Amino acid sequence: MLKIIIPTAMLMPMTWLSKPSMIWINSTTYSFLISLVSLSYLNQLGDNSLNLSLLFFSDSLSAPLLVLTTWLLPLMLMASQSHLSKETLARKKLYITMLIILQLLLIMTFTATELIMFYILFEATLIPTLIIITRWGNQTERLNAGLYFLFYTLVGSLPLLVALLYIQNTTGTLNFLIIQYWAKPISATWSNIFLWLACMMAFMVKMPLYGLHLWLPKAHVEAPIAGSMVLAAVLLKLGGYGMMRITILLNPTTNQMAYPFMMLSLWGMIMTSSICLRQTDLKSLIAYSSVSHMALVIVAVLIQTPWSYMGATALMIAHGLTSSVLFCLANSNYERIHSRTMILARGLQTILPLMAAWWLLASLANLALPPTINLIAELFVVVASFSWSNMTITLMGTNIIITALYTLYMLITTQRGKYTHHIKNINPSFTRENALMTLHLLPLFLLSLNPKIVLGPIY
Amino acid sequence: MLRRTLLLGLCRGPLGRGLGTHRGGSILGKVEGRGGYRGSWMAPSSSSVTFRTQDPAHDVKTVGRLGGGDRDGKMSEIKKKIQSILPGGDWNPLYDTSHLPPESSDVVIVGGGVLGLSVAYWLKKLEKPRGAIRVLVVERDHTYSRASTVLSVGGIRQQFSVPENVQLSLFSIDFLRNINEYLAVADDPPLDIQFNPSGYLLLASEKGAAIMENNVKVQRQEGAKVCLMSPEQLRNKFPWINTEGVALASYGMEHEGWFDPWCLLQGLRRKVQSMGVLFCHGEVTRFMSSSNLMKTASGEEVNLKRIHEVHVKIDQSLEYQPVECAIVINAAGAWSGQVAELAGIGKGPPGTLQGTKLPVELRKRYVYLWHCPQGPGLETPFVIDPSGTYFRREGLGHNYLGGCSPTEEEEPDPGNLEVDHDFFQDRVWPPLAQRVPAFETLKVRSAWAGYYDYNTFDQNGVVGPHPLVINMYFATGFSGHGLQQAPAVGRAVAEMVLEGHFQTINLSSFLFSRFYSGEKVQEHNII
């Protein structure tokens, strides 16, 4: 693991010591190399985990998330080049440093063995994200957004600390590898119910669960592009990953306690998808669609069947890449027109045809077109929830339809139709932007050839 | 004791007490903090200090210090501060920007007169998903003391020679007649624009009679209700007229008259604010634009510019706010030419499209109010003499408003709005007295001057986008008939912005490109 952590940490001095003309090139190239190194962790030994040291391990659940995290850093750097071009050199380097620190903390979070270490790093990821949102965000509302983001997550996760310390005291260890064998079933007493809530609420807020999702649209809309990318692609998955790890300790209380959250997720899925239909701000639409997809992950994790776990893992990876590419596309729009309102920039297909191709592919992935892993994941979750309760199929089916509706609405409003007069002179697509979209979409579509990498430990 | 500790802990302490209180102006949106200011978490909008000059238009938080003694006042301030920090309030720890416009807005409308507000209204009304577009109206003069809208005589007529003008006025009168359906705001009283449907009476001499007949035909085709009158019919209907020199007259029978422009402006302002448009009291000082060299279909190269930022300078201050925008609408009225120059329109070799300026200038026009007890009665229309002099009845006390457009040679200096009373004696009164003998004895009560946004090219409006600065749309240059066409023009510009083409009234002959191609849309009936 150190072979990833040390190079990532060393990216920071490299950024600060690079020549001004080389900061982007250096950081992008080296972070890309680090991501290629992390690919080796995908070679997992079946059911067991790859135990690298006392502190770090990776198994089939965390390895794809690790690769996603490291893959995303060069992409974030590529996406940020344009909007940072007017800043001073020190600010640029600071921004890149923030991204690198975030990357470092995320890598360690996904591979932590000890749950307290996971918790500390989980909280620590909030700080660079907060700095990115509030310092480099677009509007004055970003301060409000940062506040919401920070406090929702902190308040949700403080009980988690208490719960983890309690479990450490009773079970004697919080090392994940040991605790999966030592976990005793907990009865449904009141204190155990609170323990369950304390453990799960932090991740529910992070996912986010429908009732606790208010921070997400704000944070996404106000964050700069790299902030949005990392938020949507990785930070939300921290919640899913944490939930999947901690439910091992919480059986069989989950069977009863899960009901309210299942209801919230199933209902919230449809609600947020419907909100997407009425959104006028492009980034806000993509943010709400994130909530909708993550609600599926919550449902899957709370059902706790093999198929649903496979679906949840695959959905996390698929959504990470899809959401990130949609944000990049929205950002390429924003950089040209300086407005995020969808109806002001229409008919882009005639002006930027290659970008329209990326829009099409990203939208098709978002609406879970076969044979993408989005479809596999959604299908697994739908089937598993059907087996949990027959009624959920109606809700899931409605959600799939509404997802298709709003994705196509977004595609058609921005790409089709006659272009408006005031977008006639927008810059053609840069190679950097095309490369960015390709590097997002290529893994997504290649994974459909070999999805077993992302199907998690149950496969 | 708790209160005291709270006060000691939360107030600024000795550092803040002794220093001065009122600060005017700030530099570049930043506030000069003193001493312990920057580090503390207090919102700068505390009542102890303000950072802008006294401006009655803002709801400025109270100026002046409270000194040490006002405990209850301080407690409520502290409570207010805590409330503003809790999520949901717009607390900004860096500096207070509540007096500045937002940092970004989809559409920035330069000019908050009737045309600018009309465009804002129709943009919000015609946008498909409600609340999609964020609109900011920037108006330099919040009392509208020099705006053409409120200094206007307020007439509305359909008697134009250009068919599009007739259509515009027809829609506008329909808008004004149904103003309370268009501009209704919940819980607010209905508007009364005091429309006097007395009609317009245009008089023509022998030379102009044929043109007048043609014009009336065009107007009738478009649907205006105009009738032609011979001198005898004139004398029958209006016995106070002296028909010497009049060969033909056209009288608008319906949908013409005059109304209160201030009421329309306030009604639009109120409605537009209720629809979510933001107002900013400031001046546009700069446009930041980016340009791209592109090739047209025929292979020649053009430099297309787009404005991506508007610098709005706050009134009586050095502070400015860069507003990121996607579309700019130039509705600055008489000052549109200057705003266009800021955007770089007209900077190029003369004779090319780049070098074509926006030919809208300030022209000063006088309006005189006089009292004549023997004057014409209540059914007096808005009379326009062949010499260019016009008058209309004002109110019910034998008062009349009128004036005359000076010729090119005698154009007054538009530097100020001072009234030249000799102009009335020399140029306005003689033709008036000749046309209406009762006006030989009159007493001028008052007079004022206002600006025309005079289009020196063909005295008709400029509507639509500029071909080179592709996201600047014009809604200006109407040379004295802008107020009456404002609702329709606003709708046309909003359609152009939202749909890309004119949908209801085709104003493609009013586009900017006619200044380059030289196709004049000359309006003959300009007063």
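Residues numbered from 1 in each chain as written. Chains lettered and ligands numbered in written order. Predicted model: local features only at pLDDT ≥ 70, side-chain atom pairs only at ≥ 80, totals over all residues. Heavy atoms only, no water.

(A) Region of the structure containing the overall build of chain A. Looking only at helices and strands, chain A features 19 helices and 2 strands. For chain A, the C-alpha radius of gyration of 21 Å lies close to 23 Å, the compact-globule estimate for 459 residues. Across its three principal axes, chain A shows a C-alpha extent of roughly 65 × 55 × 40 Å. Burial statistics for chain A: of 459 residues in total, 64% are counted as buried. Summarising the internal contacts of chain A: among those between residues at least 6 apart in sequence, 83% fall at separations of at least 24. (Helix = DSSP H or I, 4+ residues; strand = E, 2+ residues; numbered from the N terminus. Rg over C-alpha atoms; globule rule 2.2 N^0.38 Å. Buried < 20%, exposed > 50% of the residue type's maximum accessible area, 1.4 Å probe, protein only. Contact = heavy atoms within 4.5 Å.)

(B) View of the sheet that holds strand 6 (residues 248–252) of chain B. Residue and element names in this part refer to chain B. A sheet is described by the order of its strands in space; here 8 strands give the open sequence 5-6-4-12-13-14-11-15, paired in mixed fashion. The sheet terminates laterally at strand 5 (226–229) and strand 15 (443–455), the two strands that pair on one side only. Averaged over all pairs of adjacent strands, the angle between strand axes in this sheet comes to 20°, irrespective of strand direction. Note: strand 12 (residues 382–384) against strand 13 (residues 389–394), 2 bridges, orientation antiparallel. Within the sheet, the bridge partner assigned to Val 383 lies in strand 13 and is Phe 391. Here helix 7 (residues 209–222) sits on the sheet and contacts strand 4 (200–204), strand 5 and strand 6; the angle it forms with strand 5, its principal contact strand, is near 155°. Where helix 11 (residues 421–435) meets the sheet, it contacts strand 4, strand 11 (360–371), strand 13, strand 14 (399–404) and strand 15, and its direction lies at approximately 60° from that of strand 11. (Pairing = 2+ DSSP bridges. Axes fitted to C-alpha atoms, helices over the stretch in contact; angles between N-to-C directions.)

(C) Examining the pairing of strand 8 (residues 278–295) of chain B more closely. All names here are of chain B. Summarising the sheet, strand 2 (residues 135–139) and strand 8 pair through 4 bridges and their orientation is parallel. In the sheet register, Glu 139 faces strand 8, and the bridge partner there is His 281. In this structure, strand 8 lies alongside strand 9 (residues 301–314), joined through 13 bridges in antiparallel fashion. Across the sheet, the residue bridging to Leu 293 is Asn 303, located in strand 9. Between the end of strand 8 and the start of strand 9, which pair antiparallel, lie 5 residues, with Gly 299 showing a positive phi angle near 100°.

(D) Local environment of the interface of chain A and chain B. Contact residues are listed per partner, giving 29 residues for chain A and 36 residues for chain B. A combined buried area of about 2600 Å² lies between chain A and chain B, and 53% of that area is made up of carbon and sulfur atoms. On inspection of chain A and its partner chain B, the count reaches 0 salt bridges. Taken together, the connections running from chain A to chain B amount to 12 residue pairs in polar contact (both at pLDDT 80 or more). For the side of chain A that touches chain B, the secondary structure elements donating two or more residues are helix 7 (141–171) and helix 14 (306–337) of chain A. Broken down by element, the residue count for the side of chain A that touches chain B peaks at 5 residues, all from helix 7 of chain A. (Buried area = accessible area lost by both parts, 1.4 Å probe. Salt bridge = Lys/Arg side-chain N within 4 Å of Asp/Glu carboxyl O. Polar contact = N/O pair within 3.5 Å; in protein donor to acceptor, adjacent residues only side chain to side chain.)

(E) Structural detail: the nonpolar core. Residue and element names in this part refer to chain B. Residues Phe 175 and Ile 329 are the most contacted members of the largest nonpolar core, which totals 226 residues. When sequence neighbours within four positions are dropped, the list of residues in contact with Ile 329 reads Val 107, Val 108, Ile 109, Val 110, Val 119, Leu 123, Tyr 473, Val 493 and Val 497. Counting residues in hydrophobic clusters, the runner-up holds 29 residues, among them Leu 100, Leu 136, Ile 314 and Phe 474. (Core = buried A, V, L, I, M, F, W, Y, C linked by side-chain atoms within 4.5 Å.)

(F) Up close: unusual backbone geometry. Residue and element names in this part refer to chain A. Geometrically, the link from Met 207 to Pro 208 is a cis peptide bond, its omega value of -5° lying close to zero. Position of Pro 208 relative to the elements: it lies in the loop between helix 9 (190–206) and helix 10 (215–222). With omega at -15°, the peptide bond leading from Asn 251 into Pro 252 counts as cis. Located in the positive-phi region is Ala 368, a residue other than glycine, with phi close to 60°. Note on placement: Ala 368 falls in the loop between helix 16 (353–366) and helix 17 (373–388). With relative accessibility at 9%, the residue Ala 368 sits in the buried group.

(G) Spotlight on the pattern of salt bridges. Residues and elements named next belong to chain B. Applying the stated rule across the entire model yields 17 salt bridges over all chains. For Glu 361, the salt bridge identified is with Arg 363, shortest N-O distance 3.2 Å. Glu 410 is the salt-bridge partner of Arg 427, the closest N and O atoms lying 2.5 Å from each other. Residue Arg 427 is located in helix 11, and its partner Glu 410 is located in the loop between strand 14 and helix 11; the two are separated by 17 residues in the primary sequence. Under the relative-accessibility criterion, Glu 410 is labelled partly exposed at 33%. Where salt bridges share partners, they join Glu 361, Arg 363, Arg 365, Glu 408 and Glu 411 into one cluster.

(H) Fine view of helix 12 (residues 482–499) of chain B. All names here are of chain B. In the structure, helix 12 departs most strongly from a straight axis at Ala 488, where the bend amounts to approximately 40°. In terms of burial, helix 12 is a largely internal element, 17 of the 18 residues being buried. Phi turns positive one or two residues past the end of helix 12, at Gly 500, with a value near 100°. (Bend = angle between axes of the 7 residues up to and from the residue.)

(I) Structural context of the UniProt feature "domain: FAD dependent oxidoreductase" (unreviewed entry) in chain B. UniProt records the feature "domain: FAD dependent oxidoreductase" (unreviewed entry) at residues 106–496 of chain B, using the numbering of this structure. Helix makes up 27% of residues 106–496 of chain B and strand makes up 31%, while its end C-alpha atoms are separated by 15 Å. (UniProt positions renumbered as here; feature names shortened; annotations may be inferred.)

(J) Summary view of the packing of aromatic side chains. Residue and element names in this part refer to chain B. Applying the stated criterion to the full structure yields 40 aromatic pairs over all chains. Where Tyr 200 meets Phe 382, the ring centres are 4.3 Å apart and the plane angle is 5°; that geometry is what we call stacked. One end of the pair, Tyr 200, is in strand 4; the other, Phe 382, is in strand 12, with 182 residues separating them in the sequence. Relative accessible area serves as the criterion here: at 2%, Phe 382 is assigned to the buried category. (Phe/Tyr/Trp six-rings, centres within 6.5 Å; stacked < 30°, edge-to-face > 60°.)

(K) A look at the packing of helix 7 of chain A against helix 10 of chain A. Residues and elements named next belong to chain A. Two elements in contact, helix 7 and helix 10, have axes separated by 8 Å at closest approach and are oriented at 135°. With respect to each other, helix 7 and helix 10 are oriented oblique. For the pair helix 7 and helix 10, the crossing hand works out as left-handed. Here helix 7 contributes Glu 141, Arg 142, Ala 145, Tyr 148, Phe 149 and Tyr 152 to the contact with helix 10, which in turn contributes Trp 215, Lys 218, Ala 219 and Glu 222. Residue composition of the contact of helix 7 with helix 10, by class: 6 nonpolar, no polar and 4 charged. (Parallel < 35°, antiparallel > 145°, perpendicular 65-115°, else oblique. Left-handed = near helix turned anticlockwise from the far one by under 90°. Nonpolar A, V, L, I, M, F, W, Y, C, P; charged D, E, K, R; others polar.)

(L) Expanded view of the packing of helix 2 (residues 23–38) of chain A against helix 4 (residues 89–111) of chain A. Residue and element names in this part refer to chain A. Relative orientation of the contacting elements helix 2 and helix 4 amounts to 10°, with a least axis distance of 11 Å. Here helix 4 runs roughly parallel to helix 2, going by the angle between their axes. Counted together, Ile 23, Trp 24 and Ser 27 of helix 2 and Leu 89, Lys 92, Lys 93 and Ile 96 of helix 4 form the full contact between these two elements. Within the contact of helix 2 with helix 4, the residues separate by chemical class into 4 nonpolar, 1 polar and 2 charged.

(M) Molecular detail of the pairing of strand 1 (residues 104–110) of chain B. Residues and elements named next belong to chain B. Counting buried positions along strand 1 yields 7 of 7 residues, so the element is predominantly enclosed. Pairing between strand 1 and strand 10 (residues 320–330): 6 bridges, direction parallel. Within strand 10, the position partnered with Val 107 by the bridge is Ile 327. Between the parallel elements strand 1 and strand 2, the chain passes through helix 4 (residues 114–126) in a crossover that is right-handed. (Right-handed = clockwise from strand over helix to strand, strands pointing away.)

(N) Fine view of the UniProt feature "domain: NADH:quinone oxidoreductase/Mrp antiporter transmembrane" (unreviewed entry) in chain A. Annotation from UniProt places "domain: NADH:quinone oxidoreductase/Mrp antiporter transmembrane" (unreviewed entry) at residues 112–401 of chain A. End C-alpha atoms of residues 112–401 of chain A are separated by 38 Å, and the span's content is 79% helix alongside 0% strand.

(O) The arrangement of the side chain of A:Ser80 in detail. Along the chain, the position of A:Ser80 falls in helix 3 (residues 62–80). Ignoring anything within four residues of it in the chain, the contact list for A:Ser80 reads A:Trp24, A:Tyr95, A:Leu99, A:Ile225 and A:Ala226.

(P) Region of the structure containing the environment of A:Met410. Residue and element names in this part refer to chain A. Within the secondary structure layout, Met 410 lies in helix 18 (residues 392–415). Judged by relative accessible area, Met 410 falls into the buried class, the value being 1%. For the pair Met 410 and Gln 279, spaced 131 residues apart in sequence, the C-alpha separation works out to 9.4 Å. Ignoring anything within four residues of it in the chain, the contact list for Met 410 reads Leu 282, Leu 285, Ile 286, Leu 326, Met 342, Trp 359 and Ser 363.

(Q) Structural detail: the state of the cysteines. Evaluation of the coordinates by the stated rule reveals 0 disulfides over all chains. The structure places no disulfide on A:Cys276, whose sulfur is separated from the nearest cysteine sulfur, that of A:Cys328, by 18 Å. (Disulfide = S-S within 2.5 Å.)

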